[in-house]
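# Structural overview for review
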Amino acid sequence: MAAINVSEIVQALGGKPTGSNTWQCYCPAHRDENPSLSISEKNGKILFHCHAGCSQKTVLNALKGRGLWPERTQKKDRIISTYDYVDESGNLLFQVVRLEPKDFRQRRPDGKGGWIWNLKGVRRVLYKLPEILESDLIFIVEGEKDADRLTEEGLTGTTAPGGAGKWRDEYSEALRGKSCVLLPDSDEAGRAHAQKAAKSLKGKAKSIK
């Protein structure tokens, strides 16, 4: 878990000091017209108290939504794979993280060597975007692992972040003029995903199979 910067939180919430290691801020969990959130730091712990009635959990969730409080990966979860999503020049935009027990989460660099566990404000792109731009034939699958397997076979595979049901029209722009082959999972969600992607690609891709 990344280090927590109290000063950054206080500044973002328009706060001011009220004493030694105590501050008064606007609460991020409700529409706060008067600063109602007290923040205190003691023995390495940060405590929040909203005088308008928001629970500490609600405040923390609001801070996480604004990228001011790092998400905590449960100790029982173990990272087993990470998949980099990069822009046209290969610059890292975000990662999809596979955990054990099986789960998938997304994170973005915080610019300080750590991670923020959300994609708020981050540009979404297809997996292996630079390879897509250099290829004429693209295979579209439902997961990064399958796309990597296609790469091992000398083919260009890609997937949309989030898997089935997460196709966006802007992804189709990266495939404009390409020959596209959809390889959906053999289930209802997979077929629906393929149909959505095919509809989006129509008129943009050179061919769709």
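Every value quoted in this text rests on a predicted model; they were computed, and no experiment measured them. (Residues numbered from 1 in each chain as written. Predicted model: local features only at pLDDT ≥ 70, side-chain atom pairs only at ≥ 80, totals over all residues. Heavy atoms only, no water.)

We now examine the sheet that holds strand E3 (residues 37-42). Strand order in the open sheet formed by four strands is E1-E2-E3-E4, with antiparallel pairing between adjacent strands. The sheet is open, and its two borders are formed by strand E1 (16-19) and strand E4 (45-50), each paired with just one other strand. When strand polarity is set aside, the average angle formed by the axes of neighbouring strands in this sheet is 30°. Helix H2 (residues 56-65) contacts E3 and E4 of the sheet and is inclined by roughly 110° relative to E4. (Pairing = 2+ DSSP bridges. Helix = DSSP H or I, 4+ residues; strand = E, 2+ residues; numbered from the N terminus. Axes fitted to C-alpha atoms, helices over the stretch in contact; angles between N-to-C directions. Contact = heavy atoms within 4.5 Å.)

Here we take up the pairing of strand E5 (residues 78-86). As paired elements, E5 and strand E6 (residues 92-100) share eight bridges and run antiparallel to each other. Within E6, the position partnered with Ser-81 by the bridge is Arg-98. Between E5 and E6, which pair antiparallel in sequence order, lie five residues; one of them, Gly-90, sits at a positive phi of approximately 90°.

With that settled, consider the nonpolar core. Counting residues in hydrophobic clusters, the biggest one holds 29 residues, and the most contacted among them are Phe-94, Leu-126, Ile-140, Trp-167, Leu-175 and Leu-201. Setting aside its immediate chain neighbours within four residues, Leu-201 contacts Ile-140, Trp-167, Ser-172, Leu-175, Cys-180 and Ile-208. Among the nonpolar cores identified, the runner-up in size contains 18 residues, and Val-6, Cys-25, Phe-48 and Cys-54 belong to it. (Core = buried A, V, L, I, M, F, W, Y, C linked by side-chain atoms within 4.5 Å. Buried < 20%, exposed > 50% of the residue type's maximum accessible area, 1.4 Å probe, protein only.)

Glancing now at the state of the cysteines. In the structure shown here, the tally under the stated rule is zero disulfides. Just so you know, Cys-27 is unpaired, no disulfide at all, and the nearest cysteine sulfur is the one on Cys-50, 3.8 Å from it. A relative accessible area of 4% places Cys-27 in the buried class. Between Cys-54, a cysteine without a disulfide, and Cys-50, which holds the nearest cysteine sulfur, the sulfur-to-sulfur distance is 3.8 Å. For Cys-54, a relative accessible area of 19% translates into the label buried. (Disulfide = S-S within 2.5 Å.)

The tally for this structure, following the rule as stated, stands at seven salt bridges. Between Arg-123 and Glu-88 there is a salt bridge whose closest N-O contact spans 2.7 Å. Residue Arg-123 is located in the loop between strand E8 (115-116) and helix H3 (129-133), and its partner Glu-88 is located in the loop between E5 and E6; the two are separated by 35 residues in the primary sequence. As a salt-bridge pair, Arg-149 and Glu-153 come within 3.6 Å of each other at their nearest N and O atoms. On the basis of relative accessibility, which here comes to 52%, the residue Arg-149 falls in the exposed class. (Salt bridge = Lys/Arg side-chain N within 4 Å of Asp/Glu carboxyl O.)

Before going further, it helps to spend a moment on the sheet that holds E6. Within the open sheet, the four strands sit side by side as E5-E6-E7-E8. Their pairing is antiparallel. What marks the edges here is a single partner per strand, and that holds for E5 and E8.

Right, let's talk about the packing of aromatic side chains for a bit. According to the stated counting rule, one finds five aromatic pairs in the structure shown. Consider the rings of Phe-48 and Trp-69, whose centres lie 5.6 Å apart with planes at 70°: the pair is edge-to-face. Of the two residues, Phe-48 sits in strand E4 while Trp-69 sits in the loop between H2 and E5, which places them 21 residues apart along the sequence. When its relative accessible area of 8% is taken as the criterion, Phe-48 is described as buried. Grouped by ring-pair contacts, the aromatic residues Tyr-83, Tyr-85, Phe-94 and Tyr-127 constitute a single cluster. The cationic tip of Arg-107 hangs over the ring face of Trp-115; the distance from NZ or CZ to the ring centre is 4.0 Å. (Phe/Tyr/Trp six-rings, centres within 6.5 Å; stacked < 30°, edge-to-face > 60°. Lys NZ or Arg CZ within 6 Å of the ring centre and 35° of its normal.)

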